[in-house]
Amino acid sequence: MWDVEIRGMASAHAIIAASIFMATVMPAVLVEKFSVYGTHLIWLYSVAGSVAVVNIAVFWLLGISPPTKKNTLSYKLSKLIRSCVYLLLSCLFFHTVIVLYGAPLLESALETFSLAVLLSTFTTLRCLCVLGPNVQAWIRVFSRDGAMSVWDTSLQITTGCSIVGAWLGAFPIPLDWDRPWQVWPVSCSLGATVGFLTGLLAAPLWIRWHRKQLTYKLK
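Source: prediction; values computed, not measured.

Caption draft 1: Inspection of the packing of helix α2 (residues 40-62) against helix α5 (residues 124-131) at higher detail. Two elements in contact, α2 and α5, have axes separated by 10 Å at closest approach and are oriented at 15°. Judged by the angle between their axes, α2 and α5 are roughly parallel. Considering the relative orientation of α2 and α5, their crossing is right-handed. Residues Ala-52, Asn-55, Ile-56 and Phe-59 of α2 lie in contact with α5, whose contacting residues are Leu-125, Arg-126, Cys-129 and Val-130. Here the contact of α2 with α5 is built from residues that sort into six nonpolar, one polar and one charged.

Below, the structure is given as structure tokens:
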């Protein structure tokens, strides 16, 4: 059972990682003079959109999403609206935190909010796919020993890696190197992306390595 769960997770994570690669390659074909640095926002939203679509599709196909209590159209519509509201609130939350950490308040506001969108895609959207718009479940998963499945553990790892990656990406910005990747928020979004990819790789490996210590029930 463990091997089946871990292989499924590794396959899902490989597909999501491949979507980031495709989101980098396709604009280079379709957009004239495209570059990750020069047309950074195009790349950023391409990655965010690709990861969002693939995440939703993969988790839906795998049946990871929590079962709905009701099958009525109004309930499903209400759940969708709440998920969209949570995602928007997450973007505003990350935007506020980034500003509090030193990003310009008004200048480069679009760039700052775009970074917040990317972080929300790497973190909040995955929580919505796995746990649904259930704040209590989110609190449980991110509390100590709160994971109840391998996917909960995956959420912990990928979310942590994405946020730490964005934080580490900010360190080169004030250095007087005058490099194109030091322009706000290039290094932070690249750091978040590398952190997210690291989390996708590390999650199944960590779970497999520590499977004897993990005692939660598999879903």
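Following the structure, the description resumes.
Caption draft 2: Up close: the pattern of salt bridges. Taken as a whole and judged by the stated rule, the model has one salt bridge. The salt bridge partner of Arg-140 is Asp-152, with a shortest N-O separation of 3.2 Å. With Arg-140 in helix α6 (residues 135-141) and Asp-152 in helix α7 (residues 150-169), the pair connects residues that are twelve residues apart, well separated along the chain. Of the residues examined, Arg-140 reaches a relative accessible area of 24% and is grouped as partly exposed. Classification of Asp-152 by relative accessible area gives buried; the value is 0%.

Caption draft 3: Quick look at α5. Within α5, eight of the eight residues are buried, which leaves it mostly tucked inside the rest of the structure. Inspection of α5 places Thr-124, Leu-125, Arg-126, Cys-127, Leu-128, Cys-129, Val-130 and Leu-131 among the buried residues, and these make up the whole buried set. A positive backbone phi angle near 80° is found at Gly-132, which sits one or two residues after α5.

The rules behind each value
- Residues numbered from 1 in each chain as written.
- Predicted model: local features only at pLDDT ≥ 70, side-chain atom pairs only at ≥ 80, totals over all residues.
- Heavy atoms only, no water.
- Axes fitted to C-alpha atoms, helices over the stretch in contact; angles between N-to-C directions.
- Helix = DSSP H or I, 4+ residues; strand = E, 2+ residues; numbered from the N terminus.
- Parallel < 35°, antiparallel > 145°, perpendicular 65-115°, else oblique.
- Left-handed = near helix turned anticlockwise from the far one by under 90°.
- Contact = heavy atoms within 4.5 Å.
- Nonpolar A, V, L, I, M, F, W, Y, C, P; charged D, E, K, R; others polar.
- Salt bridge = Lys/Arg side-chain N within 4 Å of Asp/Glu carboxyl O.
- Buried < 20%, exposed > 50% of the residue type's maximum accessible area, 1.4 Å probe, protein only.

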